[in-house]
Amino acid sequence: MAVQPTGKITASAFDQIDPPDAELQLDCVHCGFCLPTCPTYLVLGNEMDSPRGRIYLIRAASEGKIGISDNFVRHMNLCLLCRACETACPSGVKFGFLMESARGQIERHYQYSAADRRFKHLILRTFTDPRRLRAVTGLLSFYQRSGLQKLVRASGTLRLFGRLGKMEALLPAIPDKRRRKDLPEVVPAKGEKRGRVGLLVGCVQRFFFADVNSATARVLSENGYDVVVPRDQGCCGSLLVHEGEREQAKALARRTIDVFERAHVDLVVVNAAGCGSVMKEYWELLHTEPAYAQRAETFSKKVRDVSQLLAQAPLNGRLRALKRVVTYHDACHLAHGQKVRQEPRTILKAIPGLQFVELRESDDCCGSAGIYNLLYPELARQFLDRKIERIKETGAEVVVSGNPGCSLQIEKGLKERGLNVRVVHPVELLDWSYHGTEG
Ligand code: SF4
Ligand code: SF4
């Protein structure tokens, strides 16, 4: 054990702003069933890098037996927040809530190095602000289209840029300006109307994977939904929740609730697993705020991953054959966070001609995990390598993923190995099938 409680009970190491819930900590009965499912425990072999060990540390800090030391912070931050432990846990321990709260405490009470703080600040402020991200995307698009990217990559100078250089390696082909254009505010339903839904366009999804949002709107419209895309929506705050910046995340959550309430929609549809998972848990994030607690609960109940909505009834319209071998990667925040596993498979299997091959260990983390792959690239690399090996075994031409972070990470791994495998979202495949052409 890297950290031993002293046995001396003093004041808690945590303050009273969203401390890790004491009752949730006591739900853990130390059975260890979660250990074989925890990626960091399997790689590092240290109890303190397992769910059980981390809960032990959180409890020790709650009781004032240990402080928020370098060791404590390291064990907390090495967690992927993949929530595989929640799936395995027979006692129903809400590990995600405990870890998110613990990280909130770390954010307030721990002094990161100036370099770490600057890097996190840069990433979080860029990726959670659509206006900034729009400007950055324009520059990146120029960088790729002008041929500068090829030159820079060939020159090897990216190595000199440390973590920023590693980020560059994750860059997908940025869609051109025409494809990055905002969706109309309303995309009307075709045929018999099934409902009116709001669409969260996200941040990374909106600019790096604009085609996924267009495909989502088209497929929902094809299936009888009016799709409302509020212009004033912003970031949902999911990255901030995972990184412990809870106050900023709460502000974005409140804004998201306001925006979709004004849109008067039956449901709020999300096509990014990380965003959906956090939005389904706004009730927890905002439970101490009298003006929002009830509204957050109502809002969370309305959130659906797009696959949930599409799988609940037979698909409308004519689907054309797609003769492709396809496999599916379960994004952690869809499989473990939202317990959505069958729905994406159901809609993929509805596509005629498509040969679906199951991926071994499909719900193991790919190492993306928010910004984990930028903060802990060596560890993230091990998880990615294993994922790519499993994908290779399937012989698939297409890997399907319901989360933009996973798509970026897996695409990078495939490219590095020279594998000619595309990574797409389930709704893109459906959209191709509706239109009889591949995007
Ligand atoms: S969330 Fe994932 S990495 Fe963290 S303790 Fe649970 S299984 Fe391990
Ligand atoms: S499986 Fe659940 S109860 Fe058992 S050690 Fe892990 S977190 Fe605790």
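Right above here is the structure, for reference.
Since the structure is predicted, the reported quantities are computational estimates derived from the model, not experimental observations.

**Considering the packing of helix α4 (residues 70-77) against helix α6 (residues 95-109)**
No. 1: At their nearest, the axes of α4 and α6 sit 10 Å apart, and the two run at 140 degrees to each other. On the basis of their axis angle, the class for α4 and α6 is oblique. Handedness of the crossing formed by α4 with α6: left-handed. Residues F72, V73, M76 and N77 of α4 pack against M99, A102, R103 and I106 of α6.
No. 2: Residue classes in the contact of α4 with α6 are distributed as six nonpolar, one polar and one charged.

**Considerations on a nonpolar patch on the surface**
No. 1: On the surface, L42, V43 and L44 cluster together to form a nonpolar patch covering roughly 240 Å² of accessible area.
No. 2: Along the polypeptide, L44 turns up in helix α2 (residues 39-44).

**Topic: the sheet that holds strand β7 (residues 355-357)**
No. 1: Spatial strand order, β7-β6-β8-β9: four strands in an open sheet with parallel pairing. The sheet is open, and its two edges are formed by β7 and β9 (422-424), each paired on a single side. Between one strand axis and the next, the sheet turns by 30 degrees as a mean value, whatever way the strands run.
No. 2: Pairing between strand β6 (residues 325-329) and strand β8 (residues 398-401): four bridges, direction parallel. Across the sheet, V326 pairs through a bridge with V398, a residue of β8.
No. 3: Docked against the sheet, helix α23 (residues 404-416) engages β6, β8 and β9, running at close to 175 degrees with respect to β9.

**Things to note about the environment of L322**
No. 1: Counting through the fold element by element, L322 comes out in the loop between α18 (306-311) and β6.
No. 2: Spatially, the C-alpha atoms of L322 and R59 are 52 Å apart, while their sequence positions differ by 263 residues.
No. 3: Ignoring sequence-local partners within four residues, the contact set of L322 consists of I351, P352, G353, L354, L429, W432, S433 and E438.

**Quick look at the site of ligand 2**
No. 1: In the neighbourhood of ligand 2, 13 residues make up the surrounding shell, with C28, C31, G32, C34 and C89 lying closest.
No. 2: In terms of residue class, the shell around ligand 2 is built from nine nonpolar, three polar and one charged.

**Quick notes on the packing of aromatic side chains**
No. 1: In this structure the tally under the stated criterion is seven aromatic pairs.
No. 2: Considering the side-chain rings of F14 and F72, the 6.2 Å spacing of their centres and the 55 degrees angle between planes classify their relative orientation as tilted. Taken together, the residues F14 in the segment before α1 (22-26) and F72 in helix α4 connect sequence positions 58 residues apart. Each of the two residues, F14 as well as F72, counts as buried.

**Quick word on the site of ligand 1**
No. 1: Taken together, C38, P39, T40, P51, R54, C79, L80, L81, C82, R83, C85 and F95 make up the full set of residues adjacent to ligand 1.
No. 2: Of all the secondary-structure elements, those providing two or more residues to the shell around ligand 1 are α2 and α3 (51-62).
No. 3: Of the residues assigned to the shell around ligand 1, the class counts are nine nonpolar, one polar and two charged.

**Quick word on the side chain of Q338**
No. 1: You can see Q338 is positioned in the loop between α19 (332-335) and α20 (342-349).
No. 2: At 2.8 Å, the side chain of Q338 and the side chain of K280 are in polar contact.
No. 3: A distance of 3.2 Å separates a polar atom in the side chain of Q338 from the backbone oxygen of H333.

**Brief notes about the side chain of D49**
No. 1: As for its position among the elements, D49 is in the loop between α2 and α3.
No. 2: When its relative accessible area of 3% is taken as the criterion, D49 is described as buried.
No. 3: Every residue in contact with D49, bar those within four places of it in the chain, is listed here: C38, T40, Y41, L44, R54, H75 and L78.

**Some thoughts on the sheet that holds strand β3 (residues 225-228)**
No. 1: Read across the open sheet, the five strands follow the order β1-β3-β2-β4-β5; overall the sheet is mixed. One side of each edge strand has no neighbouring strand; the edge strands of this open sheet are β1 (186-187) and β5 (303-305).
No. 2: Examined bridge by bridge, strand β2 (residues 195-199) and strand β4 (residues 267-270) share three bridges and lie parallel to one another. Within the sheet, the bridge partner assigned to V197 lies in β4 and is L267.
No. 3: The sheet strands contacting helix α17 (residues 293-302) are β4 and β5, and the helix crosses β5 at an angle near 25 degrees.

**Description of the packing of α3 against α4**
No. 1: For the pair α3 and α4, interaxial distance at closest approach is 10 Å and the crossing angle is 140 degrees. With respect to α4, the element α3 is oriented oblique. Between α3 and α4 the crossing geometry is left-handed. In this structure, α3 uses R54, L57, I58 and A61 to contact α4, whose residues at the interface are F72, H75 and M76.
No. 2: By residue class, the composition of the contact of α3 with α4 is five nonpolar, one polar and one charged.

What counts as what
- Residues numbered from 1 in each chain as written.
- Chains lettered and ligands numbered in written order.
- Predicted model: local features only at pLDDT ≥ 70, side-chain atom pairs only at ≥ 80, totals over all residues.
- Heavy atoms only, no water.
- Axes fitted to C-alpha atoms, helices over the stretch in contact; angles between N-to-C directions.
- Helix = DSSP H or I, 4+ residues; strand = E, 2+ residues; numbered from the N terminus.
- Parallel < 35°, antiparallel > 145°, perpendicular 65-115°, else oblique.
- Left-handed = near helix turned anticlockwise from the far one by under 90°.
- Contact = heavy atoms within 4.5 Å.
- Nonpolar A, V, L, I, M, F, W, Y, C, P; charged D, E, K, R; others polar.
- Patch = residues over 30% accessible without salt bridge, like charges linked within 9 Å, V, L, I, M, F, W, Y side chains within 5 Å.
- Areas by Shrake-Rupley, 256 points an atom, 1.4 Å probe, with all protein chains shown as cover.
- Salt bridge = Lys/Arg side-chain N within 4 Å of Asp/Glu carboxyl O.
- Pairing = 2+ DSSP bridges.
- Near = heavy atom within 4 Å.
- Phe/Tyr/Trp six-rings, centres within 6.5 Å; stacked < 30°, edge-to-face > 60°.
- Buried < 20%, exposed > 50% of the residue type's maximum accessible area, 1.4 Å probe, protein only.
- Polar contact = N/O pair within 3.5 Å; in protein donor to acceptor, adjacent residues only side chain to side chain.

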